[in-house]
Amino acid sequence: MAEPSELTRHIESFVDSSRSQAQQAASLDAIVHLVKNDALFIGHLVKEMEMYLTTTDNIIRARGILLLGEVLTRLSSKPLDMANIHSLIRFFTERLADWRALRGAVVGCLALMRRKSGGTVTCSDAKAVVKSFLQNLQVQSLGQHDRKLCFELLECLLECYPKAVVSLGDDLVYGICEAIDGEKDPHCLVLTFHIVEVLVQLFPDPCGPIASFAGDLFSILGCYFPIHFTYPNTEDVDMKRDDLSRALMLAFSATPLFEPFAMRLLLEKLSSSLPTAKVDSLIYLGDCILKYGAERIEKHAGAIWSSLKEALYDSEEDPKLQLTSESRDGGNQIAREALSLLEKIIIQYDDMFLTLITHDEQINMILNNTTNYTSYDEIPMQSKKELLMVGRILYVSTKASISSCNVVFQSFFPRMMETMGLPVEIASESCNSDGNCAVRELHFGCFYICMELLVACRDLILVAEDTKKQFIPTTESYFCLLKQFSTSLSKIFSSILNRSINEADHDVFVHLGVKGLQTLATLPGGYGLILKSTFDNILLRLMSIIISDFGKTLLWKLALKALVHIGSFLHGCDDSEKILSYMDIVTEKIVSLLSSDDFSMPFSLKMEAVSVIGKSGLHYMMKITVKLEDIILIKLSECMIQGNLESAKIVLHILECYSKELLPWIQKNEGFEEVLLHLVVRIWNQVDNCRSLDVDTGGKDLLEAVIKVMKFAVAYCSVENQNIIVDKAYRILLSNPSLQLKGSLLTIHMKGFISTLEVDKLSSRDEWILSLLASVVIALRAQTLIPNLTTFVRLFMITMLEGYTIAAQALSSLVNKLDLMPNGALEEAMDIIFSRNFWGSYETSPERTGRMSHGNEIDLPNFLLGAAHSELLLNHAISGLAWIAKGLLMRGHDRVKDLTMIFLKCLLSEDRMDSFSLNEGSLENSSQQFASTSVMKCAADAFQIIMSDSGICLNRQFYATIRPLYKQRFFSTMMPIFQSLIIQSGSSLSRAMLHRAFAHIICDTPLLAILDSAKRLIPMVLDALTSLSKDVSDKDVLYSLLLIFSGVLTDKNGHEAIVENTSKIINSLIALSAYPHMMLVRETAIQCLAAMSELPHARIYPMRIQVLQAIVKALDDPKRAVRQEAVRCQHAWASIASRSLHF
Amino acid sequence: MVNSGLINANPIVYEKKERRVRSAPTYNDEYTVEPIDQLESFLLTFLNHIRDIKDPEHPYSLEELKVITENAIEVDDRRSYVRVTFTPTVEHCSMATVIGLCLRVKLMRSLPSRYKVDIKVAPGTHATEAAVNKQLNDKERVAAALENPNLVDMVDECLGASYA
């Protein structure tokens, strides 16, 4: 047993109202803990608390009873014996009379009544509770929280002890009416609504107590409708208007006994002008109608129908908008709710309402009137609205069920056909000229109604097939009607599109016509409803629009959309016969559009048409790609062999379309491997076959386009197919003597090589083969085998030196992806690349041999010396090596260090040069620069190649091996090196180049890494900014560096570093604010200056005069954007400046 | 009686004019000058500067009170000259000088120093028109006014809203 003193202490602490809430909660927890662990029996607790439960001090007694109640609430799952429960519930029941200590009593009752197991309250005790409740409690005079508790208790009683409460009959109902009358708190209201809902369901008897109180109860509920909810406290998210409204609705529809009151109220509110009242009435009506039963509803059917019509009519917005909008869900909420109510009613009581609809005078009149107008524009606004309303009503009632569809079709469809003068055509193959069947006059109204009926019918069949997996029997009457008229309907819809319609009507008729055709073509069920010839004619009509009417933007777009829609519909329902027609008529033709020599139609439209149609289904895309392949190859051969420039232009367009529109889609889908493999192999064959390839004009663009497609197609293929492609490419390479020779070269004979460099360019055909080979290699997967690696690497090395960047990219892809382990392929490649023989063999003068002997690495100074004749060669070598370095860096290979050192040596070569030329007087002459400026620049830009992300190769799409955080690693290894090099560097040129390289690295490093070492970097960045601003050609680098800098400036992690260098930063920003070559630099510099004004006052105060003077100059900047920034910056700094400074 | 009331307690508030959006300039040529006096649209550059100035008495901008309109500003970039004519809300408005001072300070801060700024009360809209004009365009008096901390505080408060 627990120490009595301890228990007393806890009780004391809870009862003492001067303690803090936390203390009280803690003592409650402690007591609950004791009871839960059987250290204290509940009976013992009650005895211990006796004094507190019975004292005459109201406050202490209230706290005491509350404590007992709370303890019981927490013990809901602990078994208690029946005797205890009985005495406890008796106690609480009695205490309900004690209004001063009420809360504890209610809490205690609630806790006991809610118990589900381990001892529950008996029925007779529950009855006693209800009695006491009804006798003693004046709920509405209590506070909000107490009311809520009381309602919860009532709710619990009604739900858990229905037998006990039912016996109280009238008293109970009366008591509840009294308790809930006038409630205003939303939380309590939800409870009261639910109480009513449960209560009325307890007394279903039409002569029972509810029957006599129904009017009273409903008058209490009714005044809340429609819920007007303006709860000021928006944080109180747990209560929304919808919750309340829903609870009230359930109460409304809880018993049919409410019907006379509810229907009157709802119909009355439906005609109010308040939109929320209308919407709510419609929703409530929907619920009540379903629950009150047919007998009771029948009385109100007429009233409901006319209010619905009214609501629909009132809710229509701009009819034209509605007609031309895509979705049916358009319109406002009232219209939506009204239509969904109509649908519910028709599904539930179809006979009753369908007669109302079909015999409605207003509808019949509106339909009769439609024949008065031929043009849409003539129809007065009111009639337009009426027409739209009828259309919607008919749509919903047709779509509701098959029987309703039959009724509506029978009563309206033939009439429409008659008005339009359409003949029945079941087998109308004979009558296929448009002229015969076209109607003399257009009746907009008829068209519109027909269209609504058609769409509804299609939707109905679709839904039926979708949800119930049943096919609608072809004997239904609507089916026969539709079948009879489908052909003539299709003709009339397409004839609308033929007509020249006046401006005002144009949009509406075009929408109607295209939509009608689309609906007919998407009627489900094979050729049951619609003849094959009709279906084909529809597709032909739409295609003819695509081909010839591209001038009419709206029509063209709609027709294309309709085709896409039809295509994806057929694809979705897998209607193989129709798909065949579609393939023949649409996809074939659309592809031939691309290949045609007719340039009158803009290429962008052709491309759009092909791509959207292709994307509407796998089959279509497959067909399109197969067709395109043929065209591409025919045109390629035409332009390669015959030098046909037109063909070159077309094939260029097709390839562009391929890579821009189709390939990205294909990439997301499977199943195209075969097609793409085929395409690649055929391109290779084509290149192989034409012995003298002659593509001059536009040749470069064409090659680029082919490369793009080739890379993509190869990347899509699996390893096996890639192997096939590589083998194919390799065989073609072998059959080509000049390229094969390059591949077998072991060394470069430098002198000879240089002399041939300019003269002996690759022939056009060799260039194609090389580029294609390189693009294949770029796109390979890491697992693909390469037949003769050495040849490949050598070929690429040589061509790389000849200036083919794509060869360098291929090499970098190779070194990036080759496997390390199995056969040492990577090592092999690296050996060739770094081989001393390869690079060293340019050697001509024997005295140099001595310096060649250190290590198996590229002996660069020698190479440079040897190559000094040709800057071009050096530049090619350096940028090629940069690509290789990128490949190595991305996989995290060590050799990247060697390459980086080469670039650094190049950057520093001018420094070395001085000492070098002193030592070795033997240099041919001093004007022969060791490394010229352009080479140094190239070396600096090598870092850009290394760091930047490339879209061309070495990315995820082309399966690059990417080591996480490789950029950060490279950044952190390089920074200290650059720091010391820049400090040591003697010549200004070298330093400028070092800064350039440094800027390239920084620009592509994630900002987070830079922020970490901001302190060290800021001075370097500032120096770099200054140095870069000297050369116009560096302006882009300068701008990117400035952007990085502004990133550091605005991040709070970089704050410290910024504060330390304030004056230096401001000085260099001031200098940049006058940078003449790029507006963006000036703008950004001034923005940075404005941001600097946020720094600690003491730091920036001394700088204010300088800044303001600089900004005054910027105010006169030639560019407007800069001036605006300057004003902003001026404003920021003026407030710091002292008042005597009138800038 | 201490006149603690406002001079114009119930000014008419006009709607702000929709700001014209200048068509995005093309940066094809880095070195072309966009002169301050290009076509009529350049006026906006200035208007954007001054029309946001808050009225000293009310939480409305001068534009909303029609103290300043677009047409009341003349700019000549070649001759570096700008003239602003403003219309006080009531004839005897003692705030006219403060408004004028705000305009001057704003323009001084926003224009290149080569500009000469003239600020005038629209003819016939103020009781002591000549005196106000004289005061506003006398640089000694303006400088003296800006030495007065109370005045400067007031001006700063009025200008503060423009880029808030």
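Only a predicted model underlies this, so the values are computations on that prediction, with no experimental measurement involved.

Asks: When you look at the overall build of chain B in this model, what are you seeing that I'm missing?
Replies: Assigned secondary structure in chain B consists of five helices and three strands. The N-to-C order of helical and strand elements in chain B reads α-β-β-α-β-α-α-α. Residues classed as buried in chain B amount to 47% of the 164 residues present. Nonlocal contacts in chain B, meaning residues at least 24 apart in sequence, comprise 66% of its contacts between residues at least 6 apart. Surface summary for chain B: the accessible area is close to 9000 Å², and the carbon and sulfur share equals 52%.

Asks: Mind showing me how you'd approach the overall build of chain A here?
Replies: When its secondary structure is counted, chain A shows 59 helices and zero strands. Counting all 1143 residues of chain A, 56% fall into the buried class. Considering only contacts within chain A whose residues lie at least 6 apart along the sequence, 77% involve residues at least 24 apart. Counting every atom, chain A has about 47500 Å² of accessible surface; 53% of that belongs to carbon and sulfur.

Asks: How should the sheet that holds strand β3 (residues 116-121) of chain B be read in this particular structure?
Replies: Note on sheets: strands pair through backbone hydrogen bonds, and any given pair is parallel or antiparallel. Residues and elements named next belong to chain B. A sheet is described by the order of its strands in space; here three strands give the open sequence β1-β2-β3, paired in mixed fashion. Edge strands, defined here as strands with exactly one partner in the open sheet, are β1 (73-76) and β3. Each neighbouring strand pair of the sheet contributes to a mean axis angle of 10 degrees, computed without reference to strand direction. The pairing of β1 with strand β2 (residues 81-86) spans four bridges and is antiparallel. When the sheet's bridge partners are listed, E74 is paired in β2 with R83. On top of the sheet, helix α3 (residues 129-136) reaches β2 and β3; it is set at about 160 degrees to β3, its chief contact.

Asks: Could you clarify how one ought to interpret empty space enclosed by the protein in this entry?
Replies: Where empty space is left becomes clear once a probe the size of a water molecule has been rolled over the atoms. Residues and elements named next belong to chain A. Evaluation of the coordinates by the stated rule reveals eight cavities of 30 Å³ or more. Put simply, the largest cavity is a space of about 80 Å³. If you go around the largest cavity, the residues you meet are V777, L780, R781, A782, T784, I786, S813, L814, K817 and L818. With three residues, the single largest contributor to the lining of the largest cavity is helix α42 (residues 805-817).

Asks: I tried to follow unusual backbone geometry on my own but got confused; where do I start?
Replies: The bulk of non-glycine residues show a negative phi, and the bulk of peptide bonds are trans. A:F225 connects to A:P226 through a cis peptide bond whose omega is -10 degrees. In this structure, A:P226 sits in the loop between α13 (209-222) and α14 (241-252). Within the chain, A:Y959 stands out as a residue other than glycine whose phi angle is a positive 55 degrees. Along the polypeptide, A:Y959 turns up in the loop between α48 (933-947) and α49 (966-984). Residues other than glycine seldom take positive phi values, yet B:S80 does so here, at roughly 55 degrees. According to the relative accessible area criterion, B:S80 is buried, its value standing at 11%.

Asks: I'm lost on the pattern of salt bridges in this one. Help?
Replies: Pairing between side chains of opposite charge can happen when their charged atoms approach one another. Residues and elements named next belong to chain A. Under the counting rule described, the total for this entry stands at 35 salt bridges over all chains. Across the pair K291 and D287 runs a salt bridge whose closest N-O atoms are separated by 3.6 Å. Highlighted residues: K291 and D287, both in helix α16 (residues 275-292), separated by four residues, approximately one helical turn. Classification of D287 by relative accessible area gives buried; the value is 14%. Ionic pairing is found between K557 and E608, a salt bridge with its closest N-O pair at 3.8 Å. With K557 in helix α30 (residues 553-573) and E608 in helix α32 (residues 603-615), this pair connects stretches of sequence that are 51 residues apart. The exposure class of E608 is partly exposed, given its relative accessible area of 28%.

Asks: Is there a simple way to think about the packing of aromatic side chains in this case?
Replies: Aromatic ring pairs are described here by two measures, namely the spacing of the ring centres and the angle between the planes. All names here are of chain A. Scanning the entire structure with this criterion turns up 20 aromatic pairs over all chains. The interplanar angle of 40 degrees and the centroid separation of 5.8 Å between the aromatic rings of F225 and F252 together place this pair among those described as tilted. Residue F225 is found in the loop between α13 and α14, and its partner F252 is found in helix α14; the two are separated by 27 residues along the sequence. Since its relative accessible area comes to 4%, F225 is described here as buried. On the basis of relative accessibility, which here comes to 0%, the residue F252 falls in the buried class. Members of the aromatic cluster, joined through ring pairs, are F218, F225, F252, F258, F261 and Y284.

Asks: When you look at the nonpolar core in this model, what are you seeing that I'm missing?
Replies: Counting residues in hydrophobic clusters, the biggest one holds 409 residues, and the most contacted among them are A:W684, A:F796, A:F943 and A:F1045. With 14 residues, helix α26 (residues 444-468) of chain A is the largest single contributor of residues to this core. Contact partners of A:F796, with chain neighbours within four places excluded, come to A:L770, A:L773, A:A774, A:V777, A:A807, A:A810, A:L811 and A:L814. Of all hydrophobic cores here, the second largest spans 19 residues; its members include B:V84, B:F86, B:L107 and B:L136.

Asks: It is not clear to me how the side chain of A:T487 should be interpreted in this structure. Could you clarify?
Replies: All names here are of chain A. Residue position: T487 is located in helix α27 (residues 477-498). Under the relative-accessibility criterion, T487 is labelled buried at 3%. Side-chain polar atoms of T487 contact the side chain of T534, separated by 3.1 Å.

Asks: How do you make sense of the confidence of the model for chain B when you look at a structure like this?
Replies: Where the model shows low pLDDT, its predicted coordinates should not be examined in detail. Residue and element names in this part refer to chain B. Chain-level pLDDT for chain B is 71 on average; 60% of the residues reach the 70-or-more range. Mean pLDDT across the secondary structure elements of chain B bottoms out at helix α1 (residues 42-50), with 49, and peaks at α3, with 89. Scored below 50 in pLDDT, residues 37-47 makes 24 contacts in the model with residues more than four places away or belonging to other chains. Predicted complex, confidence summary: ipTM 0.80, pTM 0.69.

Cut-offs applied
Residues numbered from 1 in each chain as written. Chains lettered and ligands numbered in written order. Predicted model: local features only at pLDDT ≥ 70, side-chain atom pairs only at ≥ 80, totals over all residues. Heavy atoms only, no water. Helix = DSSP H or I, 4+ residues; strand = E, 2+ residues; numbered from the N terminus. Buried < 20%, exposed > 50% of the residue type's maximum accessible area, 1.4 Å probe, protein only. Contact = heavy atoms within 4.5 Å. Areas by Shrake-Rupley, 256 points an atom, 1.4 Å probe, with all protein chains shown as cover. Pairing = 2+ DSSP bridges. Axes fitted to C-alpha atoms, helices over the stretch in contact; angles between N-to-C directions. 1 Å grid on protein atoms, 1.4 Å probe; cavity = no way out; pocket = protein on both sides within 12 Å on 5 of 7 lines; lining within 4 Å. Points joined across faces, edges and corners; volume = space filled by probe spheres on them. Salt bridge = Lys/Arg side-chain N within 4 Å of Asp/Glu carboxyl O. Phe/Tyr/Trp six-rings, centres within 6.5 Å; stacked < 30°, edge-to-face > 60°. Core = buried A, V, L, I, M, F, W, Y, C linked by side-chain atoms within 4.5 Å. Polar contact = N/O pair within 3.5 Å; in protein donor to acceptor, adjacent residues only side chain to side chain. pLDDT = per-residue confidence, 0-100.

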